[in-house]
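# Overview (structure and organization)
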Amino acid sequence: MIFVMRYYRFAPNLHISNDPRFLNYNQTIVQGLLSLVDVNFSHYLHTQPFNSTDCYITYSEDCPKCCSMGDNKHFIFLKVYGDYWCRWVYQFAHEYCHHLINGTFTGEISGLIWFEETICELSSMCNLYTIYLRWKDSKDMTKSQYAPAFQNYLIELLNEAPQLSHFATQPGWLQSWNAILSEQTYHRDRYKVIASKMLPLFLDNTNLWKIILHFGDMRRWQSLEELFVHLHTMADNSYSVSLQKLQRVLFS
């Protein structure tokens, strides 16, 4: 039997494949969760929902990723299956943040790609928490009963690297990681720790997410200091003070 891959639109800019490797899952719930990630970002960025580039979601045997396929569209590959709803949110929110940043998608690890990866990890954390808040008070019993799973998943993420997290309480912690973060490999354990340090500020003022609108190609930035000079020049009053607080957290 020949399998024909098809994509089905479930939101104005979101399409998902019928890839059998996703296995059986509750399409209403999963597609609703993926749509919520966009809705959350539209709130963070003060934009209309579903107004970004068309995004096509399919399965990957490798790690999740987002890439450009030309024709003004992106593909998001997820390694998730069944009704593991926390993982759907975790993976998709990360890749959707790459989608919104809309860099060059060359795959090269250089410049401040490590910071983009950190921000995308932060996206997963923020979306897990935001969806937890939305679901815990839902009149839908399925949602209200499942809501604590999102919170627990987030707590597990925040506690994954206790030694690195302890180190990140010391003065000059991030600067001491410069050489490691500049390596041409991913250091996802450190990305999680950096994201966890930033999380309270982004939960306190979601306008901080507007910084991703000014990232562009993160490979062109030579230092975090250089990027923050640029971000301060672009900041509006809704988050300029929070951006200063963020800088103090990262450069303390």
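Data block above holds the structure.
This text gives an overview of the structure that appears in the document. The structure presented is a predicted model; accordingly, all values stated were derived computationally and were not measured. (Residues numbered from 1 in each chain as written. Predicted model: local features only at pLDDT ≥ 70, side-chain atom pairs only at ≥ 80, totals over all residues. Heavy atoms only, no water.)

### Some details on the pattern of salt bridges
Rules: Criterion for a salt bridge: a side-chain nitrogen of Lys or Arg within 4 Å of a carboxyl oxygen of Asp or Glu. By the criteria applied, helices consist of DSSP H or I runs no shorter than four residues and strands consist of E runs no shorter than two, each listed in order from the N terminus.
Taken as a whole and judged by the stated rule, the model has eight salt bridges. Across the pair E117 and R188 runs a salt bridge, and its minimum N-O distance is 2.9 Å. Placement of the pair is E117 in helix α3 (residues 113-136) and R188 in helix α7 (residues 188-204), with a sequence separation of 71 residues. Because the salt bridges share partners, they merge into one network encompassing D19, R21 and E61.

### Points about unusual backbone geometry
Stated formally: To sort residues, take the accessible area from a 1.4 Å probe on protein chains only and compare it with the maximum for the residue type: under 20% means buried, over 50% means exposed, and anything in between is partly exposed.
For N102, which is not glycine, the phi torsion reads 60° and is therefore positive. As for its position among the elements, N102 is in the loop between α2 (85-101) and α3. By relative accessible area, which is 42% here, N102 ends up partly exposed. Positive phi, close to 55°, is recorded for F105, a residue that is not glycine.

### What about the side chain of H94?
Applied cut-off: As used in this structure description, the phrase polar contact means that two N or O atoms lie within 3.5 Å; if the pair is within protein, one of them must be able to donate a hydrogen and the other to accept it, and residues adjacent in sequence are counted only when both atoms belong to side chains. By the convention used here, residues are in contact when the closest approach between their heavy atoms is within 4.5 Å.
Its place among the elements puts H94 in helix α2. Overall, the relative accessible area of 7% leaves H94 in the buried class. At a separation of 3.2 Å, a polar atom in the side chain of H94 contacts the side chain of H98. Setting aside anything within four residues of it in sequence, one finds H94 in contact with E117, C120, E121, S123, S124 and R188.

### So, the sheet that holds strand β5 (residues 73-78)
Strand pairing in a sheet is mediated by backbone hydrogen bonds. Such pairs are either parallel or antiparallel. Heads up, the condition is: At least two bridges found by DSSP between two strands are what make those strands a pair. The axes are straight lines fitted to the C-alpha atoms, using for helices just the contacting stretch, and the angles between their N-to-C directions are given from 0 to 180°.
Overall, mixed pairing links the five strands, which are arranged β1-β2-β3-β5-β4 in an open sheet. On the outer flanks of this sheet lie β1 (7-11) and β4 (65-68), each paired with one strand and no other. The average angle at which neighbouring strand axes cross in this sheet is 25°, direction not considered. The pairing of strand β2 (residues 14-17) with strand β3 (residues 54-59) spans three bridges and is classified as parallel. Opposite I16, over in β3, you have I57 as the bridge partner. Against the sheet, α2 engages β2, β3, β4 and β5, with an angle of about 155° to β5.

### With respect to helix α1 (residues 27-45)
Stated formally: Between the first and last residue of a helix there are one fewer steps than residues, each counted as 1.5 Å, and that sum is the expected span.
Along its 19 residues, α1 runs 27 Å from first to last C-alpha, staying within 8% of the 27 Å computed at 1.5 Å per residue. The buried count for α1 comes to 14 of 19 residues, which makes it a mostly enclosed element. Residue N26 occupies the N-cap position of α1, its side-chain oxygen lying 3.1 Å from the main-chain nitrogen of T28. Positive phi shows up at H46, right after α1, with a value of about 60°.

### Quick notes on the environment of Q48
The residue Q48 is located in the loop between α1 and β3 in this model. As for Q48 and D38, which are separated by 10 residues in sequence, their C-alpha atoms are 9.5 Å apart.

### Digging into helix α8 (residues 224-234)
The test is simple: It is the directions from the helix axis to the C-beta atoms that the arc portrays.
Taken together, the buried positions of α8 are L224, L227, F228 and L231. Down the axis of α8, the sector holding all buried residues measures 95°, keeping them to one side. Exposed and oriented more than 90 degrees from the buried face of α8 are V229 and T233. Residues of α8 that are buried make contact with α3 and α9 (240-251).

### Notes on the pairing of β1
Where β1 lies against β2, four bridges are found, and the strand directions are antiparallel. Bridge pairing links Y7 to S17 in β2. The antiparallel pairing of β1 with β2 creates a hairpin that spans two residues between the two strands.

Keep in mind these values describe shape, not function.
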